[in-house]
Amino acid sequence: MTTGDDHRGAADGDGHGGNFESRPTPPETVPDETLDSTFQGAMYALKREREQATVVDTNGNEALIWLGEYDLHEYNERWDDPTAELYILVDQQFANSDPHWVMMVPAVTIDGNQPGQIPSRNTFTDPDGNHGDKVEMATKVADEDSAIAFSWRWSNMNRQPDSARDLANAHGLVEHLLRLGDSRGGA
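Residue numbers run consecutively from 1 along every chain, following the written order of its sequence. Given that the model is predicted, a residue must reach a pLDDT of at least 70 before its local features are reported, and side-chain atom pairs must reach 80 or more before they are shown or counted; all residues, however, enter totals for whole chains, interfaces and linings. Side-chain calculation: all heavy atoms of the structure are included, whereas hydrogens and water are not.

## Observations concerning the layout of surface pockets
And then number 1: Residues are called lining when one of their atoms sits within 4 Å of a cavity or pocket point, these points coming from a 1 Å grid over the protein atoms alone, where a cavity is a set in which a 1.4 Å probe fits but cannot get out and a pocket is an open set with protein on both sides within 12 Å along at least five of seven lines. Grid points are joined across faces, edges and corners, and a volume is the space filled by probe spheres set on the points. Computed from the structure, the second largest pocket encloses a volume of approximately 150 Å³.
And then number 2: If you go around the second largest pocket, you meet ten residues; those closest to its centre are Val30, Asp32, Met43, Lys47 and Thr54.
And then number 3: By definition, any uninterrupted DSSP run of H or I lasting at least four residues is a helix, any uninterrupted run of E lasting at least two residues is a strand, and each is numbered from the N terminus. Those elements giving two or more residues to the lining of the second largest pocket turn out to be α1 (37-49) and β1 (54-59).
And then number 4: Sort the elements by how many residues they give to the lining of the second largest pocket and α1 lands first, with three residues.

## Remarks on the side chain of Thr139
And then number 1: Mapped onto the secondary structure, Thr139 falls in helix α2 (residues 132-142).
And then number 2: Judged by its relative accessible area of 11%, Thr139 falls in the buried class.
And then number 3: Two residues form a contact once any of their heavy atoms are found within 4.5 Å. Beyond its immediate stretch of four places on either side in the chain, Thr139 contacts Glu144, Asp145, Ser146 and Ala147. Working definition: with a 1.4 Å probe on protein chains only, accessible area under 20% of the residue-type maximum means buried, over 50% means exposed, and in between means partly exposed.

## Points about unusual backbone geometry
And then number 1: A cis amide bond links Val105 with the next residue in sequence, Pro106, at an omega value of -5°.
And then number 2: With respect to the helices, strands and loops of the structure, Pro106 is situated in the loop between β4 (101-105) and β5 (122-124).
And then number 3: At Asp111, a residue that is not glycine, the phi angle is positive and equals roughly 50°.
And then number 4: Structurally, Asp111 can be placed in the loop between β4 and β5.
And then number 5: Taking the relative accessible area as the measure of exposure, Asp111 reaches 43% and is therefore partly exposed.

## Observations regarding the packing of aromatic side chains
Given two aromatic rings, their pairing is described by the distance between the two centres and the angle made by the two planes.
And then number 1: Here the aromatic set is Phe, Tyr and Trp, taking the six-membered ring for Trp, and pairing holds for ring centres within 6.5 Å; pairs whose planes are under 30 degrees apart are stacked, those over 60 apart are edge-to-face, and all others are tilted. Across all of its chains, the model carries one aromatic pair by this definition.
And then number 2: Note on Tyr70 and Tyr75: the rings are 6.3 Å apart at their centroids and 45° apart in plane angle, and the pair reads as tilted.
And then number 3: The ring centre of Tyr70 lies 3.9 Å from the NZ or CZ of Arg50, which sits over that ring. Only when the NZ atom of a Lys or the CZ atom of an Arg is both within 6 Å of the ring centre and within 35 degrees of the ring normal do we say a charge sits over the ring.

## Overview of the side chain of Asn76
And then number 1: Relative to the assigned elements, Asn76 resides in the loop between β2 (62-71) and β3 (83-91).
And then number 2: Sequence-distant contacts of Asn76, that is, excluding residues within four places in its chain, are made with Leu178, Arg179 and Leu180.

## Considerations on the pairing of strand β6 (residues 148-151)
And then number 1: Burial along β6 is two-sided: the residues Ile148 and Phe150 and Ala149 and Ser151 are all buried.
And then number 2: Where β4 lies against β6, four bridges are found, and the strand directions are antiparallel. If you follow Val102 over to β6, its bridge partner there is Phe150. Between any two strands, at least two bridges found by DSSP are needed for them to pair.

Rendered as structure tokens:
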């Protein structure tokens, strides 16, 4: 779903607005009318928490949502790079699912370690290996060479969704992941 253009440039007045520092534009977006109608409502709830959130790709019933660029050092100085884009992969029948995929583009390391060696996080970085389809989906959409997929299961944090509007919790769960606390999140 990439356009071939670097989506990190200045906004073009399409509602994503702002400058690169505060509000980068997303990769090409998926038209709302191609999404499940209940899921469109879930996206509306998420946008109240993270305005720039948008669906950037689909694979069957799964939707890849771009949450935007995050200042990683705002959450923990141990991240080796200050910024990255975050994506989540969820089922469009969101209620009563157990979402657990968060992707970071590019793959950012912690304390100079190898990508994927992040304390108390199940991570996958190899597009040809285990869960590589998630990594490949994010790198393709972002037009980047690397990504890291986190298996960050919502049910392990007592946040399994009961309704579509629970998608609004995604931003808070991603922030918790970025803080590198001791909370469970694994598959």
